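Close look at the chain arrangement
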Amino acid sequence: MPWARLCDISQTGHELKPDGGIKVKQIIKAQLYQISRGRLQYIMLFITLFLQVIWMLSDTNLGFGAGDGSFIVMSDYITSGFLDPALLSLLFAFVFTAEVCGGDFMNKTLNYEIMSGHKRKEVYCGRAVLSLAVGTIGALVITAFPILVGCMIGEWGDSVSVGAVMLRYGLSIFPIMRMICEFIFLSYVIKNQYIIMALGGILVFGGSLLPELLTDGTACFLGLTSLAKLYHFTSWSTLTLVGEKDIILYDSLLKPGEIVSIITASVLFGGLFLYMGYEFFKKDDLN
């Protein structure tokens, strides 16, 4: 018997039960151990990183692009349409969430955890916290990876500043976490990880069409359109007086109202979906 448990028995006359926070940590550790022994997440991480680099090389002036030996200009790559690569990074987050929150319904692991003394709140919070933490960090790393690679073998350029991109990159945490919350809710409602993964694939590969249907005033109402707003740079072109060369200028500034609306909507809707997911799971008979 571990020394800590012996101390608990000697001081109180009986063994102390771990509190809710400790039980949540136990569930998180169990999930991490289970996932680390599988191959799916490693495969998804490799595929998304590989596709990000291939996508970057095919859309720039090197590699699969022009092939003339010129430098990759990452600012041009980002301003030319960075939503699709950003969505691709979400594929890892959605698959991870589906496995963590929806993978234990079919093998009845959730039933065993509850029967062994864990409260439903602890079971739900452990999986939700893990999905949000790993999913968000993974999506951010996968999004930044091709930019770092491109800067190492090319240059940044002058289309937009690094600071402007970093601001939008940091704000993307909010819509990413919001969409993960929505997939947590769907995982507990549908209770089938493969259906959730399929929905994630549809959103990733078909979601770039949706922002075109919405105006700027409604961009904050969906996580996908909020992300599209962050990675869209308004542009206009002008001609130089000498040589009549066409120059494209980009507006990289975000209005304070846009920032507040994206953050507020992400927090409110993300929290709402987390709450609805817990309420559904609390009343579910797990059959």
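So, on to helix H11 (residues 223-230). Among the eight residues of H11, eight are classified as buried, and the element is accordingly described as predominantly covered. Among the residues of H11, those classed as buried are Gly223, Leu224, Thr225, Ser226, Leu227, Ala228, Lys229 and Leu230. Contacts made by the buried residues of H11 are with helix H5 (83-102), helix H8 (162-171), helix H9 (173-190), helix H10 (193-206) and helix H12 (256-283).

On to the nonpolar core, then. Within the largest apolar cluster, 60 residues are counted, with the highest numbers of intra-cluster contacts made by Ile78, Leu90, Ile184, Leu227 and Phe281. Top element by residues in this core is H5. It accounts for 13 residues. Setting aside residues up to four positions removed in sequence, Ile78 forms contacts with Ile147, Trp156, Val165 and Phe233.

A few words now on empty space enclosed by the protein. Summed over the entire model, instances satisfying the criterion amount to one cavity of 30 Å³ or more. Computed from the structure, the largest cavity encloses a volume of approximately 40 Å³. Ala86, Ser89, Leu90, Leu140, Thr143, Ser172, Ile176, Leu227 and Tyr231 are the residues that line the largest cavity. At the level of elements, H5 and helix H7 (120-153) are the ones that each hand at least two residues to the lining of the largest cavity. For the lining of the largest cavity, the element with the most residues is H5, which contributes three residues. Residues that form the lining of the largest cavity fall into these classes: six nonpolar, three polar and no charged.

Let us now look at the confidence of the model for the protein chain. Chain-level statistics for the protein chain give a pLDDT mean of 79 and a share of 78% at 70 or above. Mean pLDDT across the elements of the protein chain ranges from a minimum in helix H1 (residues 3-12), with 34, to a maximum in H9, with 94. Low confidence marks residues 1-16, where pLDDT is under 50. Its contacts with residues over four positions away, or in another chain, come to eight contacts. A low-confidence stretch, residues 61-69 (pLDDT under 50), is modelled with 16 contacts involving residues beyond four sequence positions or located in other chains.

Look at H7 against H9: their axes get within 10 Å of each other, and the N-to-C directions meet at 140°. If you check the angle between H7 and H9, you find them oblique. Every pair of crossing elements has a handedness; the one defined by H7 and H9 is right-handed. Touching Val123, Tyr124, Arg127, Ala128, Ser131, Leu132, Gly135, Thr136, Ala139 and Leu140 of H7 are Ile173, Ile176, Met177, Ile180, Cys181, Ile184 and Tyr188, all from H9.

With that out of the way, let us pick up the packing of aromatic side chains. Scanning the entire structure with this criterion turns up nine aromatic pairs. A centroid spacing of 6.1 Å and a plane angle of 15° characterise the contact between Phe46 and Phe50, whose relative ring orientation is stacked. On the criterion of helical spacing, the pair formed by Phe46 and Phe50 is a turn pair, its members being four residues apart in helix H3 (residues 40-58). Measuring from centroid to centroid gives 6.3 Å for Tyr124 and Phe281, while their planes differ by 25°, and the two rings are stacked. Taken as a pair, Tyr124 in helix H7 and Phe281 in helix H12 lie far apart in primary sequence, 157 residues in all. Neither Tyr124 nor Phe281 differs from the other in exposure class; each is buried. A connected cluster of aromatic rings, assembled from ring pairs, spans Phe105, Tyr124, Tyr188, Tyr278 and Phe281.

With respect to the helices and strands, the residue Ser187 is situated in helix H9. The class for Ser187 is buried, based on a relative accessible area of 0%. Within the local environment of Ser187, its side chain forms a polar contact with the backbone oxygen of Phe183, the two atoms lying 2.7 Å apart. Residues contacting Ser187, with those up to four places away along its chain left out, are Thr97, Ala98, Cys101, Gly102, Phe105, Asn192 and Ile196.

What counts as what
Residues numbered from 1 in each chain as written. Predicted model: local features only at pLDDT ≥ 70, side-chain atom pairs only at ≥ 80, totals over all residues. Heavy atoms only, no water. Buried < 20%, exposed > 50% of the residue type's maximum accessible area, 1.4 Å probe, protein only. Helix = DSSP H or I, 4+ residues; strand = E, 2+ residues; numbered from the N terminus. Contact = heavy atoms within 4.5 Å. Core = buried A, V, L, I, M, F, W, Y, C linked by side-chain atoms within 4.5 Å. 1 Å grid on protein atoms, 1.4 Å probe; cavity = no way out; pocket = protein on both sides within 12 Å on 5 of 7 lines; lining within 4 Å. Points joined across faces, edges and corners; volume = space filled by probe spheres on them. Nonpolar A, V, L, I, M, F, W, Y, C, P; charged D, E, K, R; others polar. pLDDT = per-residue confidence, 0-100. Axes fitted to C-alpha atoms, helices over the stretch in contact; angles between N-to-C directions. Parallel < 35°, antiparallel > 145°, perpendicular 65-115°, else oblique. Left-handed = near helix turned anticlockwise from the far one by under 90°. Phe/Tyr/Trp six-rings, centres within 6.5 Å; stacked < 30°, edge-to-face > 60°. Polar contact = N/O pair within 3.5 Å; in protein donor to acceptor, adjacent residues only side chain to side chain.

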